[in-house]
Amino acid sequence: MTDSDKENRELKTLGRVFDIKRGATGDGPGLRTLVFLKGCPLRCRWCANPESQSVKPQVMYYPKLCVDCGKCVAACPTHAIRSDERFGLITDEAACTACGLCEEACLYGARKLMGREMSVSDVMETVRRDKAHYINAGGGVTVSGGEPLMQPDFILALLKACKQDGIHTAMETCGYASWESLAAVLPYLDLIFYDLKIVDAKDHKEATGRDNARILENLKKLNMAYGGEIIVRIPYIPGYNDDIMTQEGIYRYVGCLKRVNCIEIMPYHRLGESKYTGLGREYALSGVPQVKKQDITHLIQLGEQCGVPVQIDSK
């Protein structure tokens with residue numbers, strides 16, 4: 001197989017994408033295109049993108065846009081849509097075949113299929129619309145999820161295609177993946193956002209459904225093997241990791257990793273709460289107030305004491 005044949009095959013590699021956002025800021029330098037992939041091994045109680053968790057396509061329901069006309073119900077060939085007193089016209093995922101007919105039938109945008117198969121070429125067609133800006137004014141592509149490394153062949157092919165076009169690349173990962181999958185993409189990444197929620201294994205499992213042995217081990221290996229920029233992201237979640245001892249434990253752990261550029265604190269917000277309603281699910285942190293940036297500025301000083309720069313996300 002020639003290099004050209006291999007490249008063409010990689011461009012045809014399929015992935016399951018649930019969103020692409022152009023002109024984004026804050027997830028890497030400059031204006032960026034964010035590519036969100038389906039599937040995540042964790043079930044963080046505060047997850048702001050519950051539609052990213054399952055690798056399967058799902059139908060998101062927006063009750064505020066629904067006029068209860070019934071067209072979606074009539075269009076569904078498997079009778080997967082049912083009325084729920086709390087959530088409205090939700091979709092039974094076990095019966096849904098993700099055909100998209102309910103989305104097509106809705107005239108008001110109250111239903112949206114989250115997760116479609118796209119080839120690398122499909123994604124690159126959108127990415128290249130802003131290529132001139134990336135090259136001339138900075139920016140690039142950031143791959144997120146879900147967990148991108150749950151689709152290792154697709155993300156590898158996508159990152160290769162970006163680098164062949166001279167585009168800056170970044171990836172956000174929870175770190176729960178095989179080292180082989182993570183190591184394979186390193187040559188094609190300029191920046192890694194590495195999520196680190198909690199250092200204690202028991203507390204981590206209670207909050208996310210998984211222990212963190214693999215996450216911590218991969219971060220150590222990344223610190224040794226990767227030559228690009230690493231930013232550790234910590235979601236600051238009331239009741240889970242907001243006490244000083246837990247925060248200090250994370251900072252001291254990260255402070256020993258010399259390749260990590262800084263820690264970025266992501267204050268808890270409730271922007272994803274309505275998505276749980278749209279999927280017919282309960283939101284575990286209902287009633288927990290959002291965290292304001294000005295209330296946690298003391299963490300910057302705590303980071304200095306632990307030998308690691310700390311910045312607070314302002315999005």
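Look a little higher up for the structure.
Keep in mind that this is a model prediction, so the values were computed, not measured.

### Observations regarding the overall build of the chain
Phase 1 of the analysis: Along the chain, the regular secondary structure elements total 12 helices and 13 strands.
Phase 2 of the analysis: Here the C-alpha atoms of the chain give a radius of gyration of 20 Å, agreeing with the 20 Å that 2.2 N^0.38 yields for 315 residues.
Phase 3 of the analysis: The dimensions of the chain, computed from C-alpha atoms along their principal axes, are 60 × 55 × 35 Å.
Phase 4 of the analysis: Looking at the 315 residues of the chain, the share that counts as buried comes to 50%.
Phase 5 of the analysis: For the chain, the accessible area works out to roughly 15,000 Å², and carbon and sulfur atoms hold 49% of it.

### Observations concerning unusual backbone geometry
Phase 1 of the analysis: G146 follows G145 through a cis peptide bond whose omega is 10 degrees.
Phase 2 of the analysis: Relative to the helices and strands, G146 resides in the loop between β8 (139-144) and α6 (152-164).
Phase 3 of the analysis: Of note, the phi angle at D68 is positive, near 60 degrees, even though the residue is not glycine.
Phase 4 of the analysis: Within the fold, D68 resides in the loop between β3 (58-61) and α2 (71-75).
Phase 5 of the analysis: Exposure remark for D68: the relative accessible area of 59% places this residue in the exposed category.
Phase 6 of the analysis: Backbone geometry places H79, a non-glycine residue, at a positive phi of 55 degrees.
Phase 7 of the analysis: As for its placement among the helices and strands, H79 is situated in the loop between α2 and β4 (81-84).

### Focus: the pattern of salt bridges
Phase 1 of the analysis: Within this structure, the stated rule accounts for 15 salt bridges.
Phase 2 of the analysis: Linking D130 and R22 is a salt bridge whose minimum nitrogen-to-oxygen distance equals 3.0 Å. With D130 in the loop between α4 (120-127) and α5 (131-137) and R22 in strand β1 (residues 14-24), this pair connects stretches of sequence that are 108 residues apart.
Phase 3 of the analysis: Judged by its relative accessible area of 18%, D130 falls in the buried class.
Phase 4 of the analysis: In this structure, the salt-bridge partner of D27 is R233, at a minimum N-O distance of 2.9 Å.

### With respect to the packing of α4 against α6
The description of two helices packed together rests on the angle between their axes and the distance between the axes.
Phase 1 of the analysis: Following both chains from N to C, one finds α4 and α6 inclined at 40 degrees, their axes separated by 10 Å at the closest point. In terms of orientation, α4 and α6 fall into the oblique class. In the crossing of α4 with α6, the sense of the turn from one axis to the other is right-handed. Together, V120, V123 and M124 of α4 and F154, A157, L158, A161 and C162 of α6 make up the contact between the two elements.
Phase 2 of the analysis: Of the residues contributing to the contact of α4 with α6, the split by class is eight nonpolar, no polar and no charged.

### Looking at the packing of aromatic side chains
Phase 1 of the analysis: Summed over the entire model, instances satisfying the criterion amount to three aromatic pairs.
Phase 2 of the analysis: Between Y276 and Y283, the aromatic rings sit 4.9 Å apart at their centres with planes inclined by 50 degrees, giving tilted as the arrangement. As far as burial versus exposure is concerned, Y276 and Y283 are alike and both buried.
Phase 3 of the analysis: Note that R214 overlies the ring of Y176, its terminal NZ or CZ placed 4.8 Å from the centroid.
Phase 4 of the analysis: Here the basic side chain of R233 rests over the ring of F193, its NZ or CZ set 3.9 Å away from the ring centre.

### Some words on the sheet that holds strand β2 (residues 31-37)
Phase 1 of the analysis: Read from one edge of the open sheet, nine strands run β7-β1-β2-β8-β9-β10-β11-β12-β13, paired in mixed fashion. The open sheet is flanked by β7 (116-119) and β13 (310-312), the only strands paired with a single partner. Taking the axes of each pair of neighbouring strands and ignoring which way they run, one obtains an average angle of 30 degrees across the sheet.
Phase 2 of the analysis: Relative to β13, helix α12 (residues 298-306) is tilted by about 165 degrees, and along the sheet it contacts β11 (229-236), β12 (260-267) and β13.

### Some details on helix α10 (residues 244-255)
Phase 1 of the analysis: The terminal C-alpha atoms of α10, which comprises 12 residues, lie 16 Å apart, in line with the 16 Å expected from a rise of 1.5 Å per residue.
Phase 2 of the analysis: For α10, every residue scored as buried is listed here: Q247, I250, Y251, Y253, V254 and G255.

Thresholds, definitions, all that
- Residues numbered from 1 in each chain as written.
- Predicted model: local features only at pLDDT ≥ 70, side-chain atom pairs only at ≥ 80, totals over all residues.
- Heavy atoms only, no water.
- Helix = DSSP H or I, 4+ residues; strand = E, 2+ residues; numbered from the N terminus.
- Rg over C-alpha atoms; globule rule 2.2 N^0.38 Å.
- Buried < 20%, exposed > 50% of the residue type's maximum accessible area, 1.4 Å probe, protein only.
- Areas by Shrake-Rupley, 256 points an atom, 1.4 Å probe, with all protein chains shown as cover.
- Salt bridge = Lys/Arg side-chain N within 4 Å of Asp/Glu carboxyl O.
- Axes fitted to C-alpha atoms, helices over the stretch in contact; angles between N-to-C directions.
- Parallel < 35°, antiparallel > 145°, perpendicular 65-115°, else oblique.
- Left-handed = near helix turned anticlockwise from the far one by under 90°.
- Contact = heavy atoms within 4.5 Å.
- Nonpolar A, V, L, I, M, F, W, Y, C, P; charged D, E, K, R; others polar.
- Phe/Tyr/Trp six-rings, centres within 6.5 Å; stacked < 30°, edge-to-face > 60°.
- Lys NZ or Arg CZ within 6 Å of the ring centre and 35° of its normal.
- Pairing = 2+ DSSP bridges.
- Expected span 1.5 Å × (residues − 1).

Such coordinate-based values are descriptive only and should not be taken to indicate function.
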